[in-house]
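Residues per chain are reported as follows:
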Amino acid sequence: LLVLTLRVNAVPQALTPHERVMTLEEAIQLALTNDVDILISEQNPMVDKFALDALYTTYDPVLGLTAQHAFVNNPGGVDPQTGQTVSFLEKYDNFSPSLSGALPFGTTFELTGPQNHQVGPAVDPFASYTGSAGVQVDQPLLKNLWIDTPRMNIALAKKTLRYDQLGVRLQVMTTVNTLVAAYYN
């Protein structure tokens, strides 16, 4: 507990053990460092900044990979020349990497590159490798031209951040004005 005592008379008096004389600047510095209302109001802009940063992740690209491995054992039946039962074992490996995302002006994109590997008697000469690459870009002409949901949320979060920063400023001004009034009273 800090008791601020101001003495206006010209005759200096002795201070009690819990009293302390300080200048206006010292009192303002002490209030700005220890005022609970200021410390609480400073938390809102920090939370708003994290929320704004999270909204920008809408535009982060997404890397994907799909892999599939399969064995197919087909009983082929009877070989007419030898009369023996024949079965066919086929293996399939499919890998499909992709990169997709959205841009702030409404464009969406996807890059794909599926790769396939097949082994078995149905494939001539018992092994097959195929691959391809694809690019898909979508830009709507009028849909979301001026604003869409992610851009609206980002704009709203920026305004909320600015509002809370001004709230901190108002709280600092209120605390200083209250302190100055108490100091001179």
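Structure report, in brief. Please read these numbers as outputs of a predicted model, since none were measured by experiment.

On to the packing of helix α3 (residues 43-55) against helix α4 (residues 149-184). Relative orientation of the contacting elements α3 and α4 amounts to 165°, with a least axis distance of 9 Å. One way to sum up the angle between α3 and α4 is to call them roughly antiparallel. Regarding α3 and α4, the two cross each other, and that crossing is left-handed. Contacts between α3 and α4 involve Asn-44, Pro-45, Asp-48, Lys-49, Leu-52 and Leu-55 from the former and Asn-153, Ile-154, Ala-157, Lys-158, Thr-160, Leu-161, Asp-164, Gln-165 and Val-168 from the latter.

Turning to the packing of helix α1 (residues 24-34) against α4, a few remarks are in order. In the contact formed by α1 and α4, the axes pass within 10 Å of each other and the chain directions differ by 140°. Here α1 is positioned oblique relative to α4, judged by the angle of their axes. The hand of the α1/α4 crossing is right-handed. Residue-level contacts link Leu-24, Ala-27, Ile-28, Ala-31 and Leu-32 of α1 to Val-172, Thr-175, Val-176, Leu-179, Val-180, Tyr-183 and Tyr-184 of α4. Of the residues assigned to the contact of α1 with α4, the class counts are 11 nonpolar, one polar and no charged.

Bringing the pattern of salt bridges into the picture now. Under the defined criterion, the tally for this structure stands at two salt bridges. For Asp-53, the salt bridge is made with Lys-49, and the minimal N-O distance between the two is 3.2 Å. Taken together, the positions of Asp-53 and Lys-49, both in helix α3 and four residues apart, correspond to about one turn of that helix. A relative accessible area of 36% means that Asp-53 is categorised as partly exposed. Looking at Lys-49, the relative accessible area reads 40%, which means it is partly exposed. Asp-148 is the salt-bridge partner of Arg-151, the closest N and O atoms lying 2.8 Å from each other. Per residue, the accessibility class of Arg-151 equals that of Asp-148, and both read buried.

Inspection of every chain in the model, using the stated rule, returns one aromatic pair. Where Tyr-183 meets Tyr-184, the ring centres are 5.5 Å apart and the plane angle is 90°; that geometry is what we call edge-to-face. Note on Tyr-184: relative accessible area 60%, which makes it exposed.

This part covers the environment of Leu-142. Assignment of secondary structure puts Leu-142 in the loop between β8 (134-138) and α4. Using a relative accessible area of 68% as the deciding quantity, one classes Leu-142 as exposed. Along the backbone, Leu-142 and Gly-106 are 36 residues apart, and their C-alpha atoms lie at a distance of 9.6 Å.

Cut-offs applied
- Residues numbered from 1 in each chain as written.
- Predicted model: local features only at pLDDT ≥ 70, side-chain atom pairs only at ≥ 80, totals over all residues.
- Heavy atoms only, no water.
- Axes fitted to C-alpha atoms, helices over the stretch in contact; angles between N-to-C directions.
- Helix = DSSP H or I, 4+ residues; strand = E, 2+ residues; numbered from the N terminus.
- Parallel < 35°, antiparallel > 145°, perpendicular 65-115°, else oblique.
- Left-handed = near helix turned anticlockwise from the far one by under 90°.
- Contact = heavy atoms within 4.5 Å.
- Nonpolar A, V, L, I, M, F, W, Y, C, P; charged D, E, K, R; others polar.
- Salt bridge = Lys/Arg side-chain N within 4 Å of Asp/Glu carboxyl O.
- Buried < 20%, exposed > 50% of the residue type's maximum accessible area, 1.4 Å probe, protein only.
- Phe/Tyr/Trp six-rings, centres within 6.5 Å; stacked < 30°, edge-to-face > 60°.

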